[in-house]
Amino acid sequence: MVYKKKSIVIGIETSCDDTAVSVVNRNRNVLSNIIIHQKIHKKYGGVVPELAARLHEKYLVKAVNMAISSAKINKNQIDAVSFTLGPGLIGPLLVGASFAKSFSMGLKIPLIGVNHVQAHILSQFIKKGNLNKSYYPIFPFLCLMISGGHTQIVKVNDFFKMEILGSTLDDSVGDAFDKIARMFGFSYPGGPKLEYFSKNGNSKKFIFSKPLVKGLDFSFSGLKSHVMQFIKKKSKKNPYFVQNNLSDLCASIQRIIAEILLEKVKKAIADTGIFRVSLAGGVSANNEIIRHFLVLEKKNKKWEIFIPKKKYATDNAAMIAITGLLKYEKNIFDPINVCSYSKFQTF
Ligand code: KG4
Ligand code: ZN
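Residues numbered from 1 in each chain as written. Chains lettered and ligands numbered in written order. Predicted model: local features only at pLDDT ≥ 70, side-chain atom pairs only at ≥ 80, totals over all residues. Heavy atoms only, no water.

Peer 1: Teacher, can you tell me more about the domain arrangement of the protein chain here?
Peer 2: How large an interface is tends to be reported as the accessible area lost when its parts come together. Domain boundaries in the protein chain define domain 1 (8-128 + 312-329) and domain 2 (133-308). Here domain 1 and domain 2 have C-alpha centroids that lie 27 Å from each other. Each partner contributes residues to the interface: domain 1 has 25 residues there, and domain 2 has 27 residues. Between domain 1 and domain 2 the total buried area reaches about 2000 Å² when both faces are included, carbon and sulfur atoms providing 73% of it. (Domains from an automatic or database assignment. Contact = heavy atoms within 4.5 Å. Buried area = accessible area lost by both parts, 1.4 Å probe.)

Below is the structure:
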């Protein structure tokens, strides 16, 4: 059978502990989006890199087969294979890279390495990928990239022309959520649990100080230490302090984080005169952070806020496949000896 080229791209994501594979088409529709969560890490309180790599090896072929069959395509219809080149855990990345390279050689299709952070930002270009808008953001726009690994404000001039305007000087915001959540006894990832327990809490009960960081940079290590000292002190007097105040503590921490993020974005808007702002990364799944941004959008008629659907905010392979598709359309391919990288380099 002869297949018509339809610009079908498969994306493989193995940068951390989720084995994810997705298939997209030239209309930017997601035909399939498979995620196999590795549950084993819960009992260790964080991701164990070697275990993650071994489990990617175990699950990846299954995830690829599931993605192809639920996309209702044949593997010979795939025009390019994209995969996460970095940043991330090197062992897990190498498993995805080796698979993608073999797949590319076997099917004689282009190989496309993708920067994971750039893919989070470009998840805005997934058809129907947005929670609150039915159209894509127009360039240039600002992106608040908030994940477990990164906290940045990025000016997106075009698909592959991005400038970092500000970054965290220490911990990422996702890391702050996870570490503070751990103090309360929540397993990794702590962000969603902290959000869950803050539901009926009084967010104004406890006041934590905001870091004083110049420009568009962030800092979250001070907040983490402040919370730790505060609960230590209070728990000395009352060993049940955390237990008795859990909802209010979670809500207060969540509110201060949302305010820190919003203040920096306001400054970025004032500095650049760009009123379109997208959110990206796992932390942008947080409803309180989303609410803070949408309240301001309502007040400021010029603002346009773009929020990714939750399944495209946290790690997923659809964002890798979409970035792969955008690169495929521009003939941006990688050689077979392209090397994975663990640390963020540049866009
Ligand atoms: O983007 P992501 O899935 O992986 C990285 O690239 O890092 O982000 C993971 C981070 C974790 O720190 C997790 O706790 C946080 O996103 N996260 C949340 C929520 N969902 C995920 N943080 C706060 N509220 C949430 N609902
Ligand atoms: Zn991510």
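Peer 1: When you look at the sheet that holds strand β5 (residues 111-115) in this model, what are you seeing that I'm missing?
Peer 2: Strand pairing within a sheet occurs via backbone hydrogen bonds; the two strands may be parallel or antiparallel. With mixed pairing, the five strands of this open sheet are ordered in space as β3-β2-β1-β4-β5. A strand with exactly one partner marks an edge of an open sheet, and here the two such strands are β3 (30-37) and β5. Going from strand to strand, the sheet's axes swing by 20° on average, the running direction of each strand aside. Here strand β2 (residues 18-24) runs beside β3; their pairing, made up of seven bridges, is antiparallel. Directly across from Val21, in β3, lies its bridge partner Ile34. (Pairing = 2+ DSSP bridges. Helix = DSSP H or I, 4+ residues; strand = E, 2+ residues; numbered from the N terminus. Axes fitted to C-alpha atoms, helices over the stretch in contact; angles between N-to-C directions.)

Peer 1: Would you take a moment to explain the packing of aromatic side chains for this structure?
Peer 2: Here a ring pair, both rings aromatic, is described through the centre-centre distance and the interplanar angle of the planes. Applying the stated criterion across every chain yields a total of 18 aromatic pairs. Residues Tyr328 and Phe333 carry aromatic rings whose centres are separated by 6.0 Å and whose planes lie at 40° to one another, so their mutual orientation is tilted. One aromatic cluster is present, built from ring pairs that chain together Phe125, Tyr136, Phe139, Phe141 and Phe159. Between the NZ or CZ atom of Arg28 and the centre of the ring of Tyr136, over which it lies, the distance is 4.9 Å. Lying over the aromatic face of Phe306, Lys133 brings its terminal NZ or CZ to 5.6 Å of the ring centre. (Phe/Tyr/Trp six-rings, centres within 6.5 Å; stacked < 30°, edge-to-face > 60°. Lys NZ or Arg CZ within 6 Å of the ring centre and 35° of its normal.)

Peer 1: Help me out: how do you make sense of the packing of helix α4 (residues 173-183) against helix α5 (residues 190-197) in this one?
Peer 2: In helix packing, the relevant descriptors are the interaxial angle and the interaxial distance, both defined with respect to the helix axes. Two elements in contact, α4 and α5, have axes whose closest approach is 7 Å; the angle formed by their N-to-C orientations is 65°. In this structure, α4 meets α5 at a crossing whose hand is left-handed. From α4, Phe177, Asp178, Ile180 and Ala181 reach across to α5, where they touch Gly190, Gly191 and Leu194. Considering only residue class, the contact of α4 with α5 consists of four nonpolar, two polar and one charged. (Left-handed = near helix turned anticlockwise from the far one by under 90°. Nonpolar A, V, L, I, M, F, W, Y, C, P; charged D, E, K, R; others polar.)

Peer 1: When you look at the pattern of salt bridges in this model, what are you seeing that I'm missing?
Peer 2: Two side chains of opposite charge can pair, provided their charged atoms sit close to one another. The tally for this structure, following the rule as stated, stands at twelve salt bridges. Here Lys179 makes a salt bridge to Asp171, at a shortest N to O gap of 3.9 Å. The class of Lys179 is partly exposed, set by a relative accessible area of 34%. A relative accessible area of 11% means that Asp171 is categorised as buried. Note that Asp175 and Lys179 form a salt bridge whose closest N and O atoms lie 2.9 Å from each other. Within this pair, Asp175 and its partner Lys179 are both found in helix α4, separated by four residues, close to a single helical turn. Under the relative-accessibility criterion, Asp175 is labelled partly exposed at 22%. Several salt bridges converge on common partners, so that one network encompasses Asp171, Asp175, Lys179 and Lys224. (Salt bridge = Lys/Arg side-chain N within 4 Å of Asp/Glu carboxyl O. Buried < 20%, exposed > 50% of the residue type's maximum accessible area, 1.4 Å probe, protein only.)

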